[in-house]
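What follows is the residue order along each chain.
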Amino acid sequence: MARRHPLVAVTSLTRAGVEACTDFLESISTKFDEFWLPLPREMCEGKPADLGPLEGYLEPLLGLYHEIKARWRCYESVESLKRREVAAVKLAALVIKAKVFERVELREWDGVFPRAAESPPAPSLVFGVPPSGDVTICGTYPPNPLEVASDIWHRLTPEGKLTLVRWIVRYIEQVVSSVNLDEAHYKVLRLGWGDAYRSLLR
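Residues numbered from 1 in each chain as written. Predicted model: local features only at pLDDT ≥ 70, side-chain atom pairs only at ≥ 80, totals over all residues. Heavy atoms only, no water.

**Structural notes on the pairing of strand S4 (residues 124-127)**
So, step 1. Because side chains alternate across S4, one face comprises the buried residues Ser124 and Val126, and the other comprises Leu125 and Phe127, equally buried.
So, step 2. Pairing geometry for strand S1 (residues 8-11) and S4, over four bridges, is parallel. Among the inter-strand pairings, Val10 is bridged to a residue of S4, identified as Val126. (Buried < 20%, exposed > 50% of the residue type's maximum accessible area, 1.4 Å probe, protein only. Helix = DSSP H or I, 4+ residues; strand = E, 2+ residues; numbered from the N terminus. Pairing = 2+ DSSP bridges.)

**A word on unusual backbone geometry**
So, step 1. Following Ala122, the chain continues to Pro123 via a peptide bond in cis, the omega torsion being 0°.
So, step 2. In this structure, Pro123 sits in the loop between helix H6 (106-112) and S4.
So, step 3. Cis geometry marks the peptide bond from Tyr141 to Pro142; its omega dihedral reads 5°.
So, step 4. Notably, Glu102 is not glycine yet its phi reads approximately 55°, a positive angle.
So, step 5. Relative to the assigned elements, Glu102 resides in the loop between helix H5 (89-100) and H6.
So, step 6. You can call Glu102 exposed: its relative accessible area is 69%.

**As for the packing of helix H7 (residues 145-152) against helix H8 (residues 158-177)**
So, step 1. Two elements in contact, H7 and H8, have axes whose closest approach is 8 Å; the angle formed by their N-to-C orientations is 145°. Each of Pro145, Leu146, Val148 and Ala149 in H7 lies in contact with H8, whose residues at this interface are Leu164, Trp167, Ile168, Tyr171 and Ile172.
So, step 2. Its residues assigned to classes, the contact of H7 with H8 comprises nine nonpolar, no polar and no charged. (Axes fitted to C-alpha atoms, helices over the stretch in contact; angles between N-to-C directions. Contact = heavy atoms within 4.5 Å. Nonpolar A, V, L, I, M, F, W, Y, C, P; charged D, E, K, R; others polar.)

**Some points on the state of the cysteines**
So, step 1. With the rule as written, the count across this model stands at two disulfides.
So, step 2. The side chain of Cys21 participates in a disulfide bridge whose partner is Cys138; the two sulfur atoms lie 2.0 Å from each other. Across the S-S bond of Cys21 and Cys138 the torsion is about 100°, and the bridge reads as right-handed. Placement of the pair is Cys21 in helix H1 (residues 15-28) and Cys138 in the loop between strand S5 (136-137) and H7, with a sequence separation of 117 residues. Here Cys21 and Cys138 have matching classes, each one buried.
So, step 3. Disulfide connectivity for the protein chain, with bonded cysteines indexed by sequence position, reads 1-4, 2-3. (Disulfide = S-S within 2.5 Å.)

Structural data, given as structure tokens:
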């Protein structure tokens, strides 16, 4: 008999992380009455949803949804996923200003990350900063600087925001010089992002 369980599984939005979590979820799929996936509701309803390059990163989850028999539910939107990983024109301009002109106007950055992330349902798979409580890290971790900004920008001090801006700039530099988000993620970790991430959560 399937049962409910407050499991929250976590990964950064990388292909390797999503694949690892897909394997994990497949192995435990029979243990739950339902399980929430960070897929756009439109895609799970069979409607068109343009995710651009992000669709390739979500492909393993889409395969899980369609091929593994379980009561999968979808709780994300196209807009929130794109905001999490794709640097919009406004953000790109701010990154250039921070890097080239060494200017950071926090009010401008506040406009890019205007609201707190909604708490995900449970049990679920989550991209980014996990909610408080017990979590299972099933894929790539920690989340990258853009994911962190999407989730906790609103609760950081001005000093914390400036620190995060510097790491966003470094991460975008790695994205530009890498073949995919996975490579960029591992590069920014080698620069010390893991320690910086943990300090931001204190």
